[in-house]
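Residues per chain, in single letters:
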Amino acid sequence: MALNRDFVGRTYKSTTSYEVSRVKIKEFAAAIGDNNPIYRDRAAAQAAGHPDVVAPPTFPIVFSLQSGGEALADPELGLNYAMVVHGEQRFEYVRPIYPGDELVTSSTITEIRSAGRNELMTIRSDVTTVAGEPVCTTYNTIVERGGAG
Amino acid sequence: MAATVKYDEVEVGQELPATDYPVRRLNLVMYAGASGDFNQIHWNERFAKTVGLPDVIAHGMFTMAQGGRFVTDWVGDPGAVLDYGVRFSSMVIVPDDDQGATITVSGVIEEKLEDKRVVVGLIAKSGDAHVLSKARAVVQLS
């Protein structure tokens, strides 16, 4: 079933902030098999010029889709989640992410299109601190396999 | 930020040697937990096959993370990665055995930008398949 094009342009804001923790950064680094001490050891991170341990570049995936998730789960969109794979992803950083950051995300569906038998949907997520300081913008394109068929 | 690579010491066309990153089912289970992506295609072989996949496949984001790791290891500081984007062009199929799969990442300096920034193009393969395409990072050098 084709995705509902009426969803293009809709914006979803996170209802609660995401608080970044050292434990989560360490857990994420372990999951990707990255032993870099800068993700675990505050002294190593400070030696590299950071105030604290740093989140790996792909870390925002942990929270950036929370606000867009509401759209994906809306039956009106017509998405079959079992057929979804990731199409494209991009992270554009204003600054690194650190423990203690309290982040909120505003996600906008920027495009829905067909490509062959697949349906593609792109979501831009603007991540800021609760005080409004820009931190990063992420671009996520999901593919519903066979969705257009 | 303290990138350990100096802008004046890199050239366009310079290659960054390939590195192998192993992927086993355990990595995918850990990644599911850490990322919150519990889609069953990444850990349940029975389910993966019912939706037409050959076997369990790695999270695209796991593969992207290995490309990120390649760049941060090269530049010496994760904070130096200003922009990183990929297209997922093929799946990394992860069999339930002791070998699992391997993601091999290599890179090339594609462009030198102003303000001591460079564009690093990445190639990621699993077996013969290119698993990332249009994979690029903008990196701040010192």
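In this text, all values refer to a predicted model and were calculated from it rather than measured experimentally.

A. Representation of the overall build of chain A in the model. On a plain count of helices and strands, chain A comes out with 4 helices and 6 strands. Starting at the N terminus, the α and β elements of chain A follow one another as β-β-α-α-α-α-β-β-β-β. A burial count over chain A gives 52% of its 149 residues as buried. Counting contacts in chain A only where the partners sit at least 6 residues apart, residues at least 24 apart contribute 70% of the total. Surface accessibility of chain A: about 6,400 Å² in total, with carbon and sulfur atoms responsible for 51%.

B. The environment of Met83(A), seen in detail. Examined against the element boundaries, Met83(A) turns out to sit in the loop between helix H4 (66-73) and strand S3 (84-93). Along the sequence, Met83(A) and Gly147(A) sit 64 residues apart, while their C-alpha atoms lie 7.9 Å from each other. Residues within four places of Met83(A) in sequence aside, it is in contact with Val143(A), Glu144(A), Arg145(A) and Val51(B).

C. Broad picture of the interface of chain B and chain A. Facing the 36 residues of chain B at the interface are 35 residues of chain A. Buried surface at the junction of chain B and chain A, summed over both partners, amounts to about 2,900 Å²; 57% is from carbon and sulfur atoms. Interface area lost by chain B to chain A is led by Ala34(B), Met61(B) and Pro78(B), which between them contribute 18%. Summed over the shared surface of chain B and chain A, the number is 2 salt bridges.

D. Region of the structure containing the pattern of salt bridges. One pass over the full model with this rule turns up 15 salt bridges over all chains. Between Glu27(A) and Lys24(A) there is a salt bridge whose closest N-O contact spans 3.4 Å. One end of the pair is Glu27(A) and the other is Lys24(A), both in helix H1 (residues 22-31) and 3 residues apart, which spans about a single turn. For Glu27(A), a relative accessible area of 34% gives the class partly exposed. When the shortest N-O distance is used, the salt bridge between Asp126(A) and Arg124(A) registers 3.2 Å. Under the relative-accessibility criterion, Asp126(A) is labelled partly exposed at 25%. Residues participating in the shared-partner salt-bridge network are Arg25(B), Glu45(B), Lys49(B) and Asp55(B).

What counts and what doesn't
Residues numbered from 1 in each chain as written. Chains lettered and ligands numbered in written order. Predicted model: local features only at pLDDT ≥ 70, side-chain atom pairs only at ≥ 80, totals over all residues. Heavy atoms only, no water. Helix = DSSP H or I, 4+ residues; strand = E, 2+ residues; numbered from the N terminus. Buried < 20%, exposed > 50% of the residue type's maximum accessible area, 1.4 Å probe, protein only. Contact = heavy atoms within 4.5 Å. Areas by Shrake-Rupley, 256 points an atom, 1.4 Å probe, with all protein chains shown as cover. Buried area = accessible area lost by both parts, 1.4 Å probe. Salt bridge = Lys/Arg side-chain N within 4 Å of Asp/Glu carboxyl O.

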